[in-house]
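Fold and geometry: a report
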Amino acid sequence: MISLKDIRRNIYVALAAYLLLAMVLYSVCRVLFYFFNTAFFPDMSFSRWITIMRGGLRFDLTAVLYSNSLLLLLMILPFKMRFSNWYKVTIKWLFIVVNAFALATNIADSVYYQFTLRRTTVSVFSQFENEQNGFALFFRFLIDYWYALLTWIALVAGLYFGQKKINWEGPQVQGNITFYSIGLVMMPIVIYLFIAVRVAVSNTAHGPSH
């Protein structure tokens, strides 16, 4: 009989927990974006805020799935090495590094918005590609917007300590035939869900996302 502990230590439950943790922190970034730029939204109402947050969840889900696609792939590969210590450490640091970078872009975007009045895209990097003192500008940015740096550090701390609560054990299924059979079945199921969610989000993302 499968116990609650077995469910909590299941690798697919761990994968879902990783994605949920990232989603929560992305939503925190959206709240911070508003508080960093309240002066630009004087007519914000509660109903509009709820609409923005609901639309933002769709946007965040797409971003989380894309940025963590390698992690997702590594966790659904039907191999027993997924349960080895070195593999777990690799997964955990991959999750931290990828999402720390994503959180950094979100926080930087929250500050940069006041200069452009629009959310930042990758095109912003083209504005600095010929800048000779890029490092000086970067450190000047950290000094002028020290609160953004501290906010990012706090978010990364949440990322780090949150992922420490996530763990998986196994294989929980005995017998090589059963183990690999279940793994081969789960792999296309997870990929299908990934694609299905992505398509569903794209089809429904017609409202404001920020």
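Residues numbered from 1 in each chain as written. Predicted model: local features only at pLDDT ≥ 70, side-chain atom pairs only at ≥ 80, totals over all residues. Heavy atoms only, no water.

This brings us to the nonpolar core. One finds Leu15, Tyr18, Leu71, Met75 and Trp168 to be the most contacted residues of the largest nonpolar core, which totals 39 residues. Taken together, the elements giving at least two residues each to this core come down to helix H2 (11-36), helix H3 (46-67), helix H4 (69-76), helix H5 (85-116) and helix H7 (146-164). Here the element with the most residues in this core is H2; it accounts for 13 residues. When residues no more than four places from it in sequence are discounted, the contact partners of Leu15 are Leu71, Leu72, Met75, Ile76 and Val190. (Core = buried A, V, L, I, M, F, W, Y, C linked by side-chain atoms within 4.5 Å. Buried < 20%, exposed > 50% of the residue type's maximum accessible area, 1.4 Å probe, protein only. Helix = DSSP H or I, 4+ residues; strand = E, 2+ residues; numbered from the N terminus. Contact = heavy atoms within 4.5 Å.)

Take the pattern of salt bridges next. Under the defined criterion, the tally for this structure stands at three salt bridges. A salt bridge links Asp60 to Arg30, with the nearest nitrogen and oxygen atoms 2.6 Å apart. Of the two residues, Asp60 sits in helix H3 while Arg30 sits in helix H2, which places them 30 residues apart along the sequence. Note on Arg30: relative accessible area 6%, which makes it buried. For Asp43, the salt bridge goes to Arg48, with nearest N and O atoms at 3.2 Å. When its relative accessible area of 56% is taken as the criterion, Asp43 is described as exposed. (Salt bridge = Lys/Arg side-chain N within 4 Å of Asp/Glu carboxyl O.)

What follows covers the packing of H2 against H7. One can describe the packing of H2 onto H7 by two numbers: an axis separation of 10 Å at closest approach and a directional angle of 160°. It follows from the interaxial angle that H2 and H7 lie roughly antiparallel. For the pair H2 and H7, the sense of crossing is right-handed. Residues Tyr18, Leu21, Leu25, Val28, Cys29, Leu32 and Phe36 of H2 form the contact with H7, whose participating residues are Tyr147, Thr151, Leu155, Gly158, Leu159, Gly162 and Gln163. A breakdown of the residues in the contact of H2 with H7 according to their chemical character gives 10 nonpolar, four polar and no charged. (Axes fitted to C-alpha atoms, helices over the stretch in contact; angles between N-to-C directions. Parallel < 35°, antiparallel > 145°, perpendicular 65-115°, else oblique. Left-handed = near helix turned anticlockwise from the far one by under 90°. Nonpolar A, V, L, I, M, F, W, Y, C, P; charged D, E, K, R; others polar.)

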